[in-house]
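# Architecture and fold: a report
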Amino acid sequence: MQTRRLLFQIGFFVLFVVAPVFDIFRYDLEANHAWLLGMEWRLGLDDFLAGRIGALQAGVNVMLRLFLPLLAGAAVFLWVAWKWGRLYCGWLCPHFSVVETINRLMVRAFGKPSVWEKSALPPWQPDGSPRRSDTRWWLVVVPAAVGFAFLWAVVFLTYLLPPFEVYANLVNGALSRNQAIFLTAATTVLSLEFLFARHLFCRYVCAVGLFQSLAWMGNKSAMVVGFRRSRAPDCATCLPDKQSACDAVCPMRLTPRNIKRHMFTCTQCAQCIDACGETQRDNPDGPLLSWVAGEAARQNEAGFRAGRER
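This section reports on the structure supplied with the text. (Residues numbered from 1 in each chain as written. Predicted model: local features only at pLDDT ≥ 70, side-chain atom pairs only at ≥ 80, totals over all residues. Heavy atoms only, no water.)

## Brief notes about the overall build of the protein chain
A tally of helices and strands in the protein chain yields 12 helices and five strands. By principal-axis analysis of the C-alpha atoms, the protein chain measures approximately 75 × 50 × 30 Å. Per-residue burial for the protein chain yields a buried fraction of 42% across its 310 residues. Looking at the protein chain alone, contacts between residues at least 24 apart form 70% of all its contacts between residues at least 6 apart. Per element, the accessible surface of the protein chain, about 16,800 Å² overall, is 66% carbon and sulfur. One finds the centroid of the 32 positive side-chain charges in the protein chain at a distance of 7 Å from the centroid of its 22 negative side-chain charges. (Helix = DSSP H or I, 4+ residues; strand = E, 2+ residues; numbered from the N terminus. Buried < 20%, exposed > 50% of the residue type's maximum accessible area, 1.4 Å probe, protein only. Contact = heavy atoms within 4.5 Å. Areas by Shrake-Rupley, 256 points an atom, 1.4 Å probe, with all protein chains shown as cover. Lys, Arg positive; Asp, Glu negative; His and termini not counted. Charge placed at Lys NZ, Arg CZ, Asp CG, Glu CD.)

As structure tokens, this is what we get:
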């Protein structure tokens, strides 16, 4: 499952980068109109400003070309979240793919996925192999965070200005003053966010994630990570010293065996499910965690006493 998810993440990250280049989607501040699927996307106000149409027709144009498409897209997006949770975050979001990449690099550097983590992860992988860290990996962590930040800053700029102009100026070292200021400021802010606040952004700041979570929480039958509580004693042998593989692998630093309301920011990445499957691979009863939906999701919450979330 993680291989498929990685392919989805890579594909969407590439789309995120090249969409402005091929005019798949962007807003051109110089031309003062958007591009969508290679075509100019205007609101139809030019004729109104020129006096060729009235205010009523202009209002209809704005409704048909702006508000209705936005509302339709938002409705589909929220319906997916209502039914399956934050699939966009866990399987597509280019920011979350950066979060996970830096998580893995930080674990290699000092045994923790975040500088705010209170204690190091268990010294074992879900498959039982040792988890090793080496401070020399910091020589990769910091450049990776800054590199991703610079890439994001450049891509953001291409969503607002003609991409070929931005890339040509960048290659030739001929950035305008405003372009240089934007890239410097955005790279600095994003570098700090990627290094110190990426989880906090996903959990408390990102509006896209928040609305997905709210829609998901409103559906008691939505897909959720289910825990077979009747087999809870099997968790004691998951990893040595009664540590949990599912807790260790969660990129959002959640406790996957908890109730849904304590999993508000779950991204449905299924890393906890895969980790549980790996630790229980020799157990004839199978893993304790799995995706459940419908009545099974409702029963998963029934009588569940919440544990402590990190």
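## Concerning helix α9 (residues 207-217)
Inspection of α9 places G209, Q212, S213, A215 and W216 among the buried residues, and these make up the whole buried set. Buried residues of α9, seen end-on, are gathered within an arc of 165° and therefore sit on one face of the element. Residues of α9 that are buried make contact with α3 (55-84), α4 (87-91) and β4 (224-227). (Arc of directions from axis to C-beta.)

## Topic: the nonpolar core
In terms of nonpolar packing, the biggest core is built from 19 residues, with F16, V98, I102, V141, W152 and F194 touching the most fellow members. Counting only elements with at least two residues in this core, the list comes to α1 (2-18), α5 (94-110), α6 (138-158) and α8 (177-205). Of all the elements, α6 adds the most residues to this core, at six residues. Discounting residues that sit within four places of it in the chain, F16 has contacts with P94, W152, V155, F156 and Y159. Formed by 14 residues, the second largest nonpolar core is a distinct cluster that contains F96, V99, W216 and M263. (Core = buried A, V, L, I, M, F, W, Y, C linked by side-chain atoms within 4.5 Å.)

## Overview of the environment of S114
Checked against the element boundaries, S114 lands in the loop between α5 and α6. Sequence separation between S114 and H199 is 85 residues, and the spatial gap between their C-alpha atoms is 8.3 Å. Leaving out residues up to four positions away in the same chain, S114 has contacts with M106, R198 and H199. Only 3.1 Å separates the side chain of S114 from the backbone nitrogen of W116, close enough to count as a polar contact. (Polar contact = N/O pair within 3.5 Å; in protein donor to acceptor, adjacent residues only side chain to side chain.)

## Examining unusual backbone geometry
For N32, which is not glycine, the phi dihedral falls at a positive 60°. Tracing the sequence through the fold places N32 in the loop between β1 (25-28) and β2 (33-36). For N32, a relative accessible area of 56% gives the class exposed.

## A word on the packing of α6 against α8
Close contact between α6 and α8 brings their axes to 8 Å; oriented N to C, the two are set at 135°. Between α6 and α8, the crossing angle belongs to the class labelled oblique. Remark: the crossing between α6 and α8 carries right-handed chirality. Taking contact as the criterion, the partners of V141, V142, A145, V146, F148, A149, F150, W152, A153, V154, F156 and L157 in α6 are, on α8, Q179, F182, L183, A186, T187, L190, S191, F194 and L195. Looking at side-chain class alone, the contact of α6 with α8 contains 18 nonpolar, three polar and no charged residues. (Axes fitted to C-alpha atoms, helices over the stretch in contact; angles between N-to-C directions. Parallel < 35°, antiparallel > 145°, perpendicular 65-115°, else oblique. Left-handed = near helix turned anticlockwise from the far one by under 90°. Nonpolar A, V, L, I, M, F, W, Y, C, P; charged D, E, K, R; others polar.)

## Overview of α8
Between its first and last C-alpha, α8 extends only 30 Å over 29 residues, short of the 42 Å set by a 1.5 Å rise per residue. Along its length, α8 reaches its greatest deviation from straightness, about 90°, at A197. (Expected span 1.5 Å × (residues − 1). Bend = angle between axes of the 7 residues up to and from the residue.)

## A few points about the state of the cysteines
All told, the structure shown has zero disulfides when counted by the stated rule. The cysteine C202 is free of any disulfide, with C93 supplying the nearest cysteine sulfur at 6.4 Å. Overall, C202 belongs to the buried group, its relative accessible area being 8%. Here C272 is not disulfide-linked; the sulfur of C269 is the nearest cysteine sulfur, at 6.3 Å. Residue class for C272 comes out buried when judged on its relative accessible area of 8%. (Disulfide = S-S within 2.5 Å.)

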